[in-house]
Amino acid sequence: MSKSLQAIRGMNDILPEQTPLWRYFEGTVARLLDNYGYRQIRMPIVEFTELFKRSIGEVTDIVEKEMYTFDDRNGDSLTLRPEGTAACVRAVLEHGITGGGQVQKLWYVGPMFRHERPQKGRYRQFHQIGLEVFNLEGPDIDAELIVMTWRLWGELGLRDAVKLELNSLGTSESRGRYREALVDFLSAHVDKLDEDSQRRMKTNPLRVLDTKNPETQAILVDAPKMADYLDDESRAHFEGLKARLDAVGIPYVINPKLVRGLDYYSKTVFEWVTDKLGAQGTVCAGGRYDGLVEQMGGKPTPGVGFAMGIERLVLMLEALDKVPEELSRQVDIYLCAFGEAAELAALSLSERVRDQLPNLRLQVNAGAGSFKSQFKKADKSGALYALILGDDELAQQVVGFKPLRGQGEQQSIAWDALAAHLATCVVQG
Ligand code: ATP
Ligand code: MG
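Bear in mind that the values here come from a model prediction, so they are computed numbers and not experimental data.

**Q** Explanation requested: the site of ligand 1 in the structure shown.
**A** Taken together, 15 residues are adjacent to ligand 1, and Arg114, Glu116, Arg122, Arg260 and Thr282 come closest. Arg114 is positioned with one of its side-chain polar atoms (N or O) 2.7 Å from an oxygen atom of ligand 1. Relative to its unbound accessible surface of 590 Å², ligand 1 loses 87% to contact with the protein. Sorting the residues of the shell around ligand 1 by element identifies strand 6 (125-134), strand 10 (282-288) and strand 11 (303-309) as the ones contributing at least two each. Here the shell around ligand 1 gets 4 residues from one element, more than from any other, and that element is strand 10. Residues that form the shell around ligand 1 fall into these classes: 6 nonpolar, 4 polar and 5 charged.

Take a look at the structure:
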């Protein structure tokens, strides 16, 4: 196929074989968020470029090299959203729903776009479920976000495979003091730093801590630690968070090098990481951003949030064999009809069954080849039972009822009794 008729590199189709697992994952998260009282918000996937520059920060990987930016027909510079927080903050400000200290607990799901090098777990269009909470400043809400994800890992069977890393970046004042100390330290070792770190030292020195270069990492062992520069308020906040995690028994490690790639974080930052996905090990990441709303023109409004990468979590469920068995079965009942009159009867019979069993997954296959080929399809569908409706059955106003999975003989069931019979053999979701 010519290249222009193929999907764009790093932007994937999610095929029917994969969508059940996506829906299972998204459904599990949505139900959990409902239980905790979070409400969904839906933002556009395109925003003014300026929004992302202002909120994410000019000197970040995302803004410097990963955004899909273009001019629209009016000459406005627009960008496909690389993350959700900026647009969510824009939306709450625009609609005034955080004004007067109103608490908002929001979540969203959808595609994000970053021009990165595609590889396993890293794509150019990927999907996130994100949460943002506004106007709650205590560590209890940071803890709630983490507790909620911990419950999610429990429901998905992933607890043993993830690890929580935590750090505190302090307030912007204490981070400023730390930044100075770090720059002093880095300047004293500048000739031994890798090129990227030399550049970052001038533009965004905290990001040097994030380096993957082993030699730079070795030098950083003696670098000043943020923990020694934390202001009292941030220290107490961090202690409060840790105490709550201890109280519910969630294990964590403090990672002083965890700085996150975006400029807007303050105080708590955290990541859930796994060693089951190779290099793309972060499955959920977030933190507090108490200064962001003000920086974007609103009143001072504390905020905290996180986003998880759906592709990476789906990959993890597959890699760890945590895909629920029942997802392989998309259909409960498969109705095969043969002959014109029988096909007509199959249509009205199946509609009668649907009236009575609205949650039954009933697939009708009429006019689709020989008995043998229809049976093959019925079997492949994963259905538990096949219904057979041919001329003989039509004459007697019955259907053949044939178990496709376990043992059991084929029986004849009268049309009038069919829905009641199906209700006893299929557990409906
Ligand atoms: P990474 O360090 O892996 O680049 P990040 O810090 O850039 O991640 P965030 O902006 O915090 O990622 O996004 C939150 C989550 O979204 C990540 O933890 C990851 O699970 C997912 N994610 C981020 N970028 C991608 C991508 N290009 N492809 C797939 N998932 C991604
Ligand atoms: Mg990234």
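On we go.
**Q** What am I meant to see in the sheet that holds strand 15 (residues 398-403) here?
**A** Ordered in space as 13-12-14-15-16, the 5 strands form an open sheet in which the pairing is mixed. Whereas interior strands pair on both sides, the edge strands pair on one side only; in this sheet they are strand 13 (362-366) and strand 16 (411-414). When the angles between neighbouring strand axes are averaged without regard to direction, this sheet yields 25°. With 5 bridges connecting them, strand 12 (residues 333-337) and strand 14 (residues 385-389) associate as parallel partners. Paired with Ile333 across the bridge in strand 14 is Tyr385. The strands that helix 13 (residues 371-380) touches are strand 12, strand 13, strand 14 and strand 15; relative to strand 12, the one it contacts most, it runs at about 170°. Here helix 15 (residues 415-425) sits on the sheet and contacts strand 12, strand 14, strand 15 and strand 16; the angle it forms with strand 16, its principal contact strand, is near 120°.

**Q** Quick question: what am I supposed to make of the packing of helix 1 (residues 19-35) against helix 11 (residues 310-319) here?
**A** For any two helices packed against each other, the geometry is given by the interaxial angle and the distance between the axes. Here helix 1 crosses helix 11 at 110°, and the two axes come no closer than 10 Å. One element, helix 1, and the other, helix 11, form an angle in the roughly perpendicular class. The handedness of the crossing between helix 1 and helix 11 is right-handed. Facing Leu21, Trp22, Tyr24, Phe25 and Glu26 of helix 1, the residues of helix 11 in contact are Ile310, Glu311, Leu313, Val314, Leu317 and Glu318. Each residue belonging to the contact of helix 1 with helix 11 can be placed in one class, and the counts come to 8 nonpolar, no polar and 3 charged.

**Q** Would you mind showing me how to read the pairing of strand 7 (residues 163-168) here?
**A** Consecutive side chains along a regular strand alternate between the two faces of the sheet. Counting buried residues in strand 7 gives 5 out of 6 residues, a clear majority hidden from the surface. Bridge analysis of strand 7 against strand 9 (residues 266-273) gives 6 bridges, and the strand direction is antiparallel. Following the sheet pairing, Lys163 is matched in strand 9 by Val273. Taken together, the 2 bridges between strand 7 and strand 8 (residues 253-254) define a ladder with parallel strand orientation. Across the sheet, Glu165 pairs through a bridge with Val253, a residue of strand 8.

**Q** I keep staring at helix 1 and nothing clicks. Help me out?
**A** For helix 1, built from 17 residues, the straight-helix expectation of 24 Å at 1.5 Å per residue is met to within 8% by its first-to-last C-alpha distance of 24 Å. Of all the residues in helix 1, the buried ones are Pro20, Leu21, Trp22, Phe25, Thr28, Val29, Ala30, Leu32 and Leu33. On its buried side, helix 1 packs onto strand 5 (104-113), strand 6, helix 5 (139-156), strand 11 and helix 11. Trailing helix 1 by a residue or two, Gly37 shows a phi angle of about 80°, which is positive.

**Q** Just checking my understanding: could you explain the side chain of Ser174 for this structure?
**A** Counting through the fold element by element, Ser174 comes out in helix 6 (residues 172-188). Since its relative accessible area comes to 0%, Ser174 is described here as buried.

**Q** Just to check I follow, could you spell out the sheet that holds strand 7 for this structure?
**A** Think of a sheet as strands paired side by side through backbone hydrogen bonds, with each pair either parallel or antiparallel. Taken together, the 8 strands give an open sheet; going across it, the order is 1-5-6-11-10-9-7-8, and neighbouring strands pair in mixed fashion. In this open sheet, the two edge strands, each paired with only one partner strand, are strand 1 (39-40) and strand 8. Direction of pairing for strand 1 relative to strand 5: parallel, over a ladder of 2 bridges. The residue bridging Gln40 from the neighbouring strand is Trp107, located in strand 5. Contacts between helix 1 and the sheet are confined to strand 5, strand 6 and strand 11, with strand 6 contributing the most and set at about 0° to the helix. Contacting strand 5, strand 6, strand 7, strand 9, strand 10 and strand 11, helix 5 runs over the sheet at an angle of about 20° to strand 11.

**Q** I would appreciate a short explanation of the packing of aromatic side chains in the present structure.
**A** Aromatic rings in a pair are described by how distant their centres are and how their planes are angled relative to each other. Counting across every chain of the model gives 8 aromatic pairs. Ring geometry for Tyr178 and Tyr229: centres 5.5 Å apart, planes at 55°, overall tilted. Remark: Tyr229 occurs in the loop between helix 8 (214-220) and helix 9 (232-248) and Tyr178 occurs in helix 6; sequence separation between them is 51 residues. Grouped by ring-pair contacts, the aromatic residues Phe134, Tyr264, Tyr265 and Tyr289 constitute a single cluster.

**Q** Would you explain the pairing of strand 10 in this entry?
**A** A large share of strand 10 lies buried, amounting to 6 of its 7 residues. As defined by bridge partners, strand 9 adjoins strand 10 across 6 bridges and the pair is classed as antiparallel. The partner of Phe270 across the bridge, within strand 10, is Gly286. Bridge count between strand 10 and strand 11: 5 bridges; the pairing is antiparallel. In the sheet register, Cys284 faces strand 11, and the bridge partner there is Met308.

**Q** Teacher, can you tell me more about the pattern of salt bridges here?
**A** When charged atoms on two side chains of opposite charge get close, those side chains can pair. Evaluation of the coordinates by the stated rule reveals 24 salt bridges. A salt bridge links Asp275 to Lys276; its shortest N-O distance comes to 3.6 Å. On the accessibility criterion, Asp275 (65% relative accessible area) is exposed. Here Arg288 ties to Asp290 by a salt bridge, and the two come within 2.8 Å at their closest N and O atoms. Exposure class is identical for Arg288 and Asp290. Each is buried. One network of salt bridges, in which partners are shared, links Asp61, Lys65, Arg200, Arg207 and Asp210.

Quick notes on the rules
The residue count restarts for each chain, going from 1 along the sequence in the order it is written. As a convention, the first chain written is A and the first ligand written is 1, with the rest following in written order. The predicted origin of the model limits local features to residues at a pLDDT of at least 70 and limits the giving and counting of side-chain atom pairs to 80 or more, whereas totals for whole chains, interfaces and linings rest on all residues. Excluding hydrogens and water, the side-chain values take into account all heavy atoms of the structure. One heavy atom within 4 Å of a molecule or strand is enough for the residue carrying it to be called near that molecule or strand. Between N or O atoms, a polar contact is any pair within 3.5 Å; within protein, one atom must be a potential hydrogen donor and the other a potential acceptor, and residues adjacent in sequence are included only when both atoms are from side chains. Using a 1.4 Å probe, accessible areas were evaluated by the Shrake-Rupley method; residue-level cover was limited to the displayed protein chains. A run of H or I in DSSP counts as a helix once it spans at least four residues, and a run of E counts as a strand once it spans at least two, with each numbered from the N terminus. Each residue gets one label: Ala, Val, Leu, Ile, Met, Phe, Trp, Tyr, Cys and Pro are nonpolar, Asp, Glu, Lys and Arg are charged, and the others, such as Gly, are polar. At least two DSSP bridges between two strands are needed for those strands to be called paired. Each axis is a line fitted through C-alpha atoms, taken for helices only over the stretch in contact, and angles between the N-to-C directions span 0 to 180 degrees. When checking whether two residues touch, look at their non-hydrogen atoms; a contact exists if any pair is within 4.5 Å. Note on angle classes: values under 35 degrees are labelled roughly parallel, values over 145 roughly antiparallel, values of 65 to 115 roughly perpendicular, and the remainder oblique. Note on convention: near helix rotated counterclockwise from far helix by under a right angle means a left-handed crossing. Clockwise means right-handed. Throughout, exposure labels follow a simple rule: accessible area from a 1.4 Å probe, protein chains only, divided by the maximum for the residue type, with under 20% read as buried, over 50% as exposed, and the rest as partly exposed. Expected span of a helix: the number of residues minus one, times 1.5 Å. Classification of ring pairs uses Phe, Tyr and Trp, with its six-membered ring standing for Trp, and accepts pairs whose centres are within 6.5 Å; under 30 degrees between planes counts as stacked, over 60 as edge-to-face, and the remaining range as tilted. Within this document, salt bridges are pairs made up of a side-chain nitrogen of Lys or Arg and a carboxyl oxygen of Asp or Glu, the two lying within 4 Å of each other.

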